[in-house]
Every structure is written in C-alpha cells, then in structure tokens.
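# Structure at a glance
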Amino acid sequence: MAKVQLRELRKTYGDFAAVDSIDLDISDGEFLVFLGPSGCGKTTTLRMIAGLVEPSSGRILIGDRDVTETPVHQRNIGIVFQNYALFPHLTVYENIAYGLRRRRLGEGAIRKKVADVLSLVQMEDLSERYPKALSGGQQQRVAIARALAIEPDVLLLDEPLSSLDAKLRLGVRRQIRELQHKLGITTILVTHDQDEAMSMGDRLVVLSAGKLQQIGEPREVYRAPANRFVADFIGTANFFSGTVAQDGRSITTQSGLQLVGANLAPGATDVMVRPEAIKLSTTVPKGRDELYGDVIDISYLGPVADVFVRLQSSDVLTVRVDSLWADAANIVAHSEIAVRIPEEAIVVVS
Amino acid sequence: MSSKNRNLADVVLKAWVLLGFVFISFPLFLVAWLSFFTDPLLALPPTGYSFQWYSKIFVEPQFFNGFLLSLEVALIAMVVGLAVSIPAALVLSRTEFRGKQLLMNLLTSPLIVPSIVIGASLYVSFIELEYIFDWSVIGSTWGLGAAHILITIPWCVRLIVANLLGVDLSIEEASRSLGATPFVTLCKVTIPMIWPGIVAAALFSFVISFGNLELSLFLVAPGQITLPIAILQYLEYKIDPTIAAVSVLQILIIGGGLLITNKFVPLARVVK
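Residues numbered from 1 in each chain as written. Chains lettered and ligands numbered in written order. Predicted model: local features only at pLDDT ≥ 70, side-chain atom pairs only at ≥ 80, totals over all residues.

With that out of the way, let us pick up the overall build of chain B. Across its full length, chain B carries 12 helices and zero strands. Reading the helices (α) and strands (β) of chain B from amino to carboxyl end gives α-α-α-α-α-α-α-α-α-α-α-α. Taking the principal axes of its C-alpha atoms as reference, chain B extends roughly 75 × 75 × 30 Å. Burial statistics for chain B: of 272 residues in total, 31% are counted as buried. Excluding contacts between residues fewer than 6 apart, the proportion of contacts in chain B whose partners are at least 24 apart in sequence is 75%. (Helix = DSSP H or I, 4+ residues; strand = E, 2+ residues; numbered from the N terminus. Buried ≥ 20, exposed ≤ 12 C-beta atoms within 10 Å, placed from the backbone. Contact = placed C-beta atoms within 7 Å.)

So, about the overall build of chain A. Helix and strand counts for chain A come out as nine helices and 20 strands. Taken along its principal axes, the extent of the C-alpha atoms in chain A is 80 × 45 × 35 Å. Nonlocal contacts in chain A, meaning residues at least 24 apart in sequence, comprise 63% of its contacts between residues at least 6 apart.

Counting residues at the interface gives 17 residues for chain A, matched by 15 residues for chain B. Sorting the residues of the side of chain A that touches chain B by element identifies β6 (77-80) and α2 (92-102) of chain A as the ones contributing at least two each. Ranked by residue count, the leading element in the side of chain A that touches chain B is α2 of chain A, at three residues. In terms of residue class, the side of chain A that touches chain B is built from 11 nonpolar, four polar and two charged. (Nonpolar A, V, L, I, M, F, W, Y, C, P; charged D, E, K, R; others polar.)

Turning next to the environment of Ser136 of chain B. Within the fold, Ser136 of chain B resides in the loop between α5 (115-133) and α6 (141-165). For the pair Ser136 of chain B and Gly99 of chain B, spaced 37 residues apart in the sequence, the C-alpha separation amounts to 35 Å.

A separate point is the nonpolar core. In this structure, Ile96 and Leu156 of chain A are the most contacted members of the largest nonpolar core, which totals 95 residues. Here the element with the most residues in this core is helix α4 (residues 136-149) of chain A; it accounts for seven residues. If you count residues domain by domain, this core takes at least three from each of domain 1 (4-232) and domain 2 (236-348) of chain A. Among residues more than four places away in sequence, those in contact with Ile96 of chain A are Val114, Val117, Leu118, Val142, Ala145, Arg146 and Ala149 of chain A. Judged by nonpolar contacts, the second largest core, of 48 residues, contains Leu69, Leu82, Val157 and Ala244 of chain B. (Core = buried A, V, L, I, M, F, W, Y, C linked by C-beta atoms within 7 Å. Domains from an automatic or database assignment.)

What follows deals with the confidence of the model for chain B. Residues and elements named next belong to chain B. Averaged over all residues, the pLDDT of chain B equals 85, while 97% of them reach at least 70. Across chain B, element-level confidence peaks in helix α7 (residues 169-177) with a mean pLDDT of 94 and bottoms out in helix α12 (residues 267-270) with 62. Listed scores for the predicted complex are pTM 0.80 and ipTM 0.84. (pLDDT = per-residue confidence, 0-100.)

Moving on to the domain arrangement of chain A. Residue and element names in this part refer to chain A. In terms of domain boundaries, chain A breaks down into domain 1 (4-232) and domain 2 (236-348). The straight-line distance from the C-alpha centre of domain 1 to that of domain 2 is 39 Å. Domain 1 puts four residues into the contact, and the matching count from domain 2 is five residues. Residues belonging to the side of domain 1 that touches domain 2 are distributed by class as follows: two nonpolar, no polar and two charged.

Take the sheet that holds strand β9 (residues 203-208) of chain A next. Residues and elements named next belong to chain A. Pairing is mixed across the open sheet formed by six strands, whose spatial order is β6-β7-β8-β3-β9-β10. If you trace the sheet from one side to the other, it starts and ends with β6 and β10 (211-216), each paired once. Averaged over all pairs of adjacent strands, the angle between strand axes in this sheet comes to 20 degrees, irrespective of strand direction. With five bridges joining them, β9 and β10 adopt antiparallel strand pairing. Counted as the bridge partner of Leu204 is Gly216 from β10. (Pairing = 2+ DSSP bridges. Axes fitted to C-alpha atoms, helices over the stretch in contact; angles between N-to-C directions.)

All names here are of chain A. In this model helix α3 (residues 107-120) runs 20 Å from its N-terminal to its C-terminal C-alpha over 14 residues, within 8% of the 20 Å that 1.5 Å per residue would give. Considered for burial, the residues of α3 that qualify are Ile110, Lys113, Val114, Val117 and Leu118. Mapping the buried residues of α3 onto a view down its axis gives an arc of 130 degrees, with all of them on the same face. Seen from the buried face of α3, the exposed residues on the opposite side, beyond 90 degrees, are Gly108, Ala109, Lys112 and Ser119. Those residues of α3 that are buried are in contact with α2 and α4. At the C-terminal side of α3, Gln122 shows a positive phi close to 55 degrees. (Expected span 1.5 Å × (residues − 1). Arc of directions from axis to C-beta.)

Below, the discussion takes up the packing of helix α1 (residues 3-34) of chain B against helix α11 (residues 242-264) of chain B. All names here are of chain B. Here α1 crosses α11 at 125 degrees, and the two axes come no closer than 8 Å. With respect to α11, the axis of α1 lies oblique. Crossing handedness for the pair α1 and α11: left-handed. Of the residues in α11, those touching α1 at Leu28, Val31, Ala32 and Leu34 are Ala244, Ser247, Val248 and Ile251. Its residues assigned to classes, the contact of α1 with α11 comprises seven nonpolar, one polar and no charged. (Parallel < 35°, antiparallel > 145°, perpendicular 65-115°, else oblique. Left-handed = near helix turned anticlockwise from the far one by under 90°.)

In structure tokens:
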C-alpha cells in the first residue's frame, strides 16, 4: 500500500503523444478512476504505472521509490486485466499461488494465503477448477484474488467490468468498492463508462487526447466541469454559446435566447445546464418570466424520463424529469410546455 | 432451400467425403493385403497367405539397420529442429524488427525449394567442407541429421509461430506482474500454453525426416543407408512382398506414434 506519483509522464509514438505530460498525486489508500474515451491515453498511463509500457519521459514513484526503470516483475503491483488473463493451464488454486511461488513462500504459507483471498472473493469451493470451467464473473473474482494474493502496493484494474453483463456489473462494482475499502489498498481503475467511474472512484481523472482534463471528486467533476469536453463526456449537458452582459447576470446566446445566471464574468462564454436542473411546467400561464417550447419527444428510462423540448429560439433542450411527474403531468409529444432554468444551474464551461 | 434439397446435398457431400477417404486409404489397404501373399511375384488372386515376408525383414540386415539409422536421424532432426525453431518462433512472434518478414521467409524457404535440389547443393557443400577441414561429413549420421534439420525447421517455425500468436499477451503480462522474470514466464506460462503446438511440430519433424528419400540419397554412404533408401535399393533388384511388409511396419510405427501423441495432445485441435 502506497501513494503513487506521476511526474511529467509522457509516451509518444513517433509524432503522436499518447500520453502528454501528466502530473498526478494519488494518495495512499485512494480509489482513483481514469476516465476518458478510447484513445485518450488512460490505458497507456495505467500500463506505464504497471511497467508494461516504457515512458518516453517523466518519472513514476510508488511509495517513495522511483520505479521508472524498474521492470514489471520487481514492482509489486497487482493487475486485473480486461479479459482476466488467467493461466488456462493452471487451476484456480495454482493461478492464485503463482505470484506467491515466485516469492518463494513455503507451501503452508501459500495454502493459507490462497484460502484467505479465495474467501475474500467468495470462491472457496472452486479452487480445483480450471478457468475455462468458470463463468465470466467467477473468472473475474479469481483474477482479483490472484492480484491481491501478492499483497501489492497498488492494484490496477483495466476495464475489469466491461466483459460482464449489465446486471452483474452493478453488483461487482459494489463488491470491488467494498473490498477496496476493507483492504485500504491504493487502487487505479481505468474505464470509459462514466457511471462506473462516478459510482466507484474517490476521485476521477478525466483524460482526453493524452492530456489531463480534470481531477476531482465525482460530484465536483459533474457539477463544475473544468471545460466543455468534461461537461460533455460526463453525463449529458445542454450547451449555449453567448455573451454575458456587464451586470454579470444576463446572457444572450447566439440563438437569441435570454438566460439569467449568477456571478458570471462579462464577455463571450460557453455555458452548460444539466438536464435534471431544468424545471418543466404545464400549468404556468404565458407572459410570466419563463421560456416556452414544444415537446418534440420523450424518452422513458424507468425512474426518470428525458424530455426533448424545442424552444422558440429553436434551441433543443434535454430535460430530465421524474417519470412519476411526467406520468402525472401527461407530457406527450407536440404539447406546449413552460421551461425554467434556475440561475444557479448555469455553469460556465469555457 | 427445401429439406429435400438439403438432404440431397447432404448425401452428395457425404459420398464425396467417402470417395476421398477411399482414394487416400486404398493404396494402404492394398499394400497391407499384398504383404501377406505367399507368391514372390505379384499375382492376383494370390495362391495363399503367409507371414514369411515379415520374418524376412529381420533376416535382411539392410532393413533393420536402415530403420535404426532413420530413427536416429529423425530424432536428431526433431530435437535440434525444435531447439532452433522455438527461439526463432519466439523472436518472430514477440518482437518487431526490420527484416522480420525476410527472416520468416528464409526459415520457411526449405519448403519451397525441392528436396532434391537441396540434397544436391548440400552434397556439393559437404564435399567442400570435407576438402577444406578434412572432416568426414558425407555418410555420417550428423551430416544426414544436419540436412534433415533443414527440412524440419519450416514446419516447426510455422506451427509454433501460429501457436504463439494465438496466446493472449496479457497472460504473459499477468505472469510478469505477479513477479515472474521473462525467463520464468517463458517456462511456466508460454511454453505450457503452446505445448500442443510443440508436440505437433515434433511429430511433423519426425515423420518428415523419417520418410525423406530425396535429401538422404545424396548424403548416405554405402552400408549407411536410411530405411527409405533401403526400400528403394531392394526394389531395384526384387519386387516381392518384403517391401509391402516393410511399408506396413513403417505405417504401424508412425500410426502408433500418432495415436500415442493424440492421447496427450488432441492433434485435431493443433493442425486445424
């Protein structure tokens, strides 16, 4: 268990910078998530920390040890691969014992450790099975047990949930999270799934085109995105480009819409409004200080529904409402609706 | 397609496959049948059946000695061929370098050049070696073995490279992350995972070397001949069922080897 520090870490392939000068401090026991679209450099960064990819420049420190030049097998890092990468020719027991045998532990100590980690992932009964006789979820638990058995300083998870079916994924997210809390092991997870990232990470690191876009707690990244990319990538957002007047409150968008925010810097700017922050009403009479529009479509998601509203300015808003409310208010396509955007919902993203 | 048409297609396909099997196995059965004829000259129908030609094999020393030499050469070709091919296949499948395709082509080129041409060129080269270094190469088991290694390498390299490319690289990475050095990873993970390919390569090498005639023809010395050459030489003077009996034994030995190997490594999975 240790903190991890990245110092101006870079990886280039020819002229292409896969990872472009990343500085990062991961504290001891933290659960950090690297999040970004494919090709953003998240996996390359993870593989550099693991020692599987050699950095072009920069340093990697684990604990207080500079491991930049240390080969993989001397780094004491646990990795769970996307496809689990279990040894097909070894039983579950031998898969988990593999790292312990490399550390020359006695047979008794190995037996005890394997039993410990197997009970940690609730797989005690299947230790004599071969990987191909296990389900995807079971294989994944073995992969986690194998990585934990060596008591690594850092646990690296490379999209560990992407091969599981949706229902199973939710349960496994919670299990991994609980396990990480219990063991207090510094953990880095790579994913392109924002729900996964938000629900699991203590902090998120959003990457794009090899560059760090934002580091922060899930709530912070969601509510106060550092830039338009982050706002767009995490969750959904309604964007407006416009100009803030001298009063720091009123915004005139390029489409001619008048919005009111709070404490904005005057001048040209991009703002964002989250769909759930917008209020809809079928009962507000015309002439009040509201926007009006037509419902184009409604997409029913179960607990919530997304309502697509075309404003008179021809901007199309996505509004997320409680589906019970949508049922009660009888929101249907082609009906007129009043829209209110609270001033605190307007967030500058440029 | 209607079910009637599908049934017809099914029957035609099965008949075609059956025809293929008959075409392949007919000569084998014919040889096996001939080997039990009593008559020294082939005649149909045979006047009687006997085991006399099988007992004759053990009286004619050239067959037994030829068998021993072939066995020795095939084992050398197999072992050394693998020892060369496994590292070569690892380099070809796990690293990137300029001229990689060239190296691959070079290693598989003995497949393209006719054996008889290789035999003739080796003969000339070996004579040069004998002349320069005063070694005795032609007629030696090692000279013959070296030549056979040449024809086993393409098979070994191809089979093992194909197997290595099928191995998920993250499994090797997992091994290293768990504390295994690259060498330990090779021994404990990579080799066990491609073991079926290695066994298949060994088997192919053995069979190809054991049955080779064209290369050996140039490189044997009087009294030091392989089984296929012994058969050829015998045929120059006599056509009696002894040859058929020798062939049957050879088929049984190689077939037995295949069956035993199949017990440990399902060959159908490797050679697909």
